[in-house]
Amino acid sequence: MENSSPDSYSVDTGVLREVAGNLGGQASSAQSLVNRAGTTDVPAGSWGTLGYSLGLPDLYTQVRDQADSTLNRIHDFLLWSSQTLSRTAADYDNQEASTVRHFRAIGGGNPTSGGTT
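A short tour of the structure in this document, coming up. It should be emphasised that the depicted structure is a prediction, and the values quoted were computed from it without experimental measurement.

This brings us to the packing of aromatic side chains. Summed over the entire model, instances satisfying the criterion amount to two aromatic pairs. Ring geometry for tryptophan 47 and tyrosine 60: centres 5.7 Å apart, planes at 55 degrees, overall tilted. One end of the pair, tryptophan 47, is in the loop between helix H1 (13-38) and helix H2 (48-53); the other, tyrosine 60, is in helix H3 (residues 56-105), and 13 residues separate them in sequence. The class for tyrosine 60 is partly exposed, based on a relative accessible area of 24%.

The following block contains the structure:
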């Protein structure tokens, strides 16, 4: 949003869409991390007797599960943000078009340009 005057504002929907696209790209990257993290594992023989006695395999599983959960939440948030900004841009554009149509219908011209039609 940029201030036009103290009593008004304007929204650059192109910027909203650009940010939404960037967030969508980040969501794709996060999903790629989720997919790769899900395939990681440590071979059973790698823990050794000491590792098993310390419970390292269980700790590793807990940490991996937490990481998977966190990455999924990040992905979901980025995707939600992208979709929300895209819808917001569309809503602003629709509202602007509707306002212009209404002003023209009542003979008030185009409110965004200050002129009349």
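This part covers the environment of glutamate 18. By the element assignment, glutamate 18 lies in helix H1. The class for glutamate 18 is exposed, based on a relative accessible area of 53%. Expressed as a C-alpha distance, the spacing of glutamate 18 and serine 82, which sit 64 residues apart in the sequence, is 9.5 Å.

It is worth spelling out H3 at this point. Given a rise of 1.5 Å per residue, 50 residues ought to cover 74 Å, and the 72 Å separating the end C-alpha atoms of H3 matches this to within 8%. Buried within H3 are the following residues: Pro57, Asp68, Leu71, His75, Leu78, Ser81, Ser82, Ala89, Ser98 and Val100. Where H3 is buried, its residues meet H1 and H2. Once H3 finishes, glycine 107 follows within two positions and takes phi at roughly 85 degrees, a positive value.

Taken as a whole, this structure holds two salt bridges when the rule is applied. Taking the shortest distance from any N to any O, the salt bridge between aspartate 93 and arginine 17 comes out at 2.8 Å. With aspartate 93 in helix H3 and arginine 17 in helix H1, the pair connects residues that are 76 residues apart, well separated along the chain. Residue classification places aspartate 93 among the partly exposed positions, given a relative accessible area of 31%. Between aspartate 41 and arginine 64 there is a salt bridge; the shortest N-O distance is 3.5 Å. Of this pair, aspartate 41 sits in the loop between H1 and H2 while arginine 64 is found in helix H3, placing the two residues 23 residues apart along the sequence. On the accessibility criterion, aspartate 41 (59% relative accessible area) is exposed.

Parameters and conventions
- Residues numbered from 1 in each chain as written.
- Predicted model: local features only at pLDDT ≥ 70, side-chain atom pairs only at ≥ 80, totals over all residues.
- Heavy atoms only, no water.
- Phe/Tyr/Trp six-rings, centres within 6.5 Å; stacked < 30°, edge-to-face > 60°.
- Helix = DSSP H or I, 4+ residues; strand = E, 2+ residues; numbered from the N terminus.
- Buried < 20%, exposed > 50% of the residue type's maximum accessible area, 1.4 Å probe, protein only.
- Expected span 1.5 Å × (residues − 1).
- Contact = heavy atoms within 4.5 Å.
- Salt bridge = Lys/Arg side-chain N within 4 Å of Asp/Glu carboxyl O.

None of the figures reported here should be taken as evidence of function without further support.
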